[in-house]
Amino acid sequence: MTHRIYAVRYGHLDRTSDENFLGGDDHASPMPLDYYVWVIKTGAQSIVVDTGFDAAAALNRGRTLIRPVAEGLAAIDVDPAGVSDVVISHMHYDHAGNEDLFPRARFHVQDAEMAYCTGRAMTHQHLAAPFDADNVVQMVRRVFAARVAFHAGDSLLHPGVTLHHLPGHTPGLQAVRVETARGPVVLASDAIHFWANLERETPFPIVADVLQYLESLRALRRLAPSIDHIIPGHDPEVLARFPAEPGTKDIVRLDLAPLPRPQGARAGP
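Quantities reported herein were computed from a predicted structural model and do not represent experimental measurements.

Novice: Tell me what's going on with the environment of Asp235, and back it up with residues and numbers.
Specialist: Its location among the elements puts Asp235 in the loop between β12 (230-232) and α8 (237-241). Those residues in contact with Asp235 that sit more than four places away from it in its chain are Tyr36, His193, Phe194 and Trp195. A polar atom in the side chain of Asp235 sits 3.1 Å from the backbone nitrogen of Trp195.

Novice: Lay out the layout of surface pockets in plain terms, naming residues and giving numbers.
Specialist: In this structure, the largest pocket encloses a volume near 220 Å³. Lining the largest pocket are 16 residues, with Arg63, Tyr93, Asp94, Pro130 and Ile206 sitting closest to its centre. Counted by class, the lining of the largest pocket contains seven nonpolar, four polar and five charged residues.

Novice: Kindly report on the packing of aromatic side chains, identifying the contributing residues and their values.
Specialist: The relation between two aromatic rings is expressed through the spacing of the ring centres and the mutual angle of the planes. Overall, the coordinates contain six aromatic pairs when judged by the stated rule. On the numbers, 4.9 Å between centres and 70 degrees between planes, the contact of Tyr10 with Phe53 is edge-to-face. On the criterion of sequence distance, the pair formed by Tyr10 in strand β1 (residues 4-13) and Phe53 in the loop between β3 (45-49) and α1 (55-61) is long-range, its members being 43 residues apart. The same class applies to Tyr10 and to Phe53, which are both buried. A ring pair is formed by Tyr35 and Phe53, whose centres lie 5.2 Å apart and whose planes are at 70 degrees; its orientation type is edge-to-face. Residue Tyr35 is located in strand β2 (residues 33-42), and its partner Phe53 is located in the loop between β3 and α1; the two are separated by 18 residues in the primary sequence. Phe53 carries the same exposure label as Tyr35, and that label is buried. Taken together, Tyr10, Tyr35, Phe53 and Tyr93 form an aromatic cluster joined through their ring pairs. For the cation-ring pair, Arg142 lies above Phe107, with the distance from its terminal atom to the ring centre recorded as 3.8 Å.

Novice: With reference to specific residues and values, describe the sheet that holds strand β10 (residues 174-180).
Specialist: One open sheet holds the five strands; their spatial order is β8-β9-β10-β11-β12, and the pairing between them is mixed. Two strands bound the open sheet, and with one partner strand each, they are β8 (155-158) and β12. Each neighbouring strand pair of the sheet contributes to a mean axis angle of 25 degrees, computed without reference to strand direction. Pairing of β10 with strand β11 (residues 183-189), which is carried by five bridges, proceeds in the antiparallel orientation. Along β11, the bridge assignment pairs Val178 with Val185. Sheet contacts for helix α7 (residues 210-223): β9 (161-165), β10, β11 and β12; angle to β11, the most-contacted strand, approximately 155 degrees.

Rules used throughout
Residues numbered from 1 in each chain as written. Predicted model: local features only at pLDDT ≥ 70, side-chain atom pairs only at ≥ 80, totals over all residues. Heavy atoms only, no water. Helix = DSSP H or I, 4+ residues; strand = E, 2+ residues; numbered from the N terminus. Contact = heavy atoms within 4.5 Å. Polar contact = N/O pair within 3.5 Å; in protein donor to acceptor, adjacent residues only side chain to side chain. 1 Å grid on protein atoms, 1.4 Å probe; cavity = no way out; pocket = protein on both sides within 12 Å on 5 of 7 lines; lining within 4 Å. Points joined across faces, edges and corners; volume = space filled by probe spheres on them. Nonpolar A, V, L, I, M, F, W, Y, C, P; charged D, E, K, R; others polar. Phe/Tyr/Trp six-rings, centres within 6.5 Å; stacked < 30°, edge-to-face > 60°. Buried < 20%, exposed > 50% of the residue type's maximum accessible area, 1.4 Å probe, protein only. Lys NZ or Arg CZ within 6 Å of the ring centre and 35° of its normal. Pairing = 2+ DSSP bridges. Axes fitted to C-alpha atoms, helices over the stretch in contact; angles between N-to-C directions.

Put into structure tokens, the structure is as follows:
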């Protein structure tokens, strides 16, 4: 079974490269972050990966909300009220917001992630800063409403769609591997923010465990036939590297072959 995959950009943050690598970057240059949610379509069914942040969170954290997530989904005919499965790659504010957007969905979360964002780690401001308490509380409420499916490591979500535990950025980060016409595509989320994190084998500075992060980079390469089959969580190059969905803005098809790049071009700064 093959699937269509969409990357839907909804936010942006200007930033420089020295802020995007653990240990900095001796040749700092512009290297902004884009914010995405992803949609996996098979027939009439849609699986949403991550839920983004809303206007209040954008204002609070100084991010640019290009458009609400719901508008991006509507551009590819996805009604949040009709989505039955949402994968949360990890519980950081930019991946687990918009609490009320998917009223009927079951949410898929790793055991390790919920233990992390509701436990001792959150008493340390450095670790707690990327989380929004309201998002975490809402997920706990979903647990009591029987709307959360917990996963302990790798598992099958649907035919051709598997979840893969890739700790490091957070202890419970999970990627999604999707069978497509061009082969398996891995939605890495923040296992890598940029292709350059993978190529340099250097973590993004927000990292819970450096060794686990580096081991997860190796796991990513094993999951995908090439680097073009691995989709980073925040790289603006995603929009340039893959074909745009006709009639849409800031939405590309990840199941289609990458666009040709100029000779010698590579990911990263």
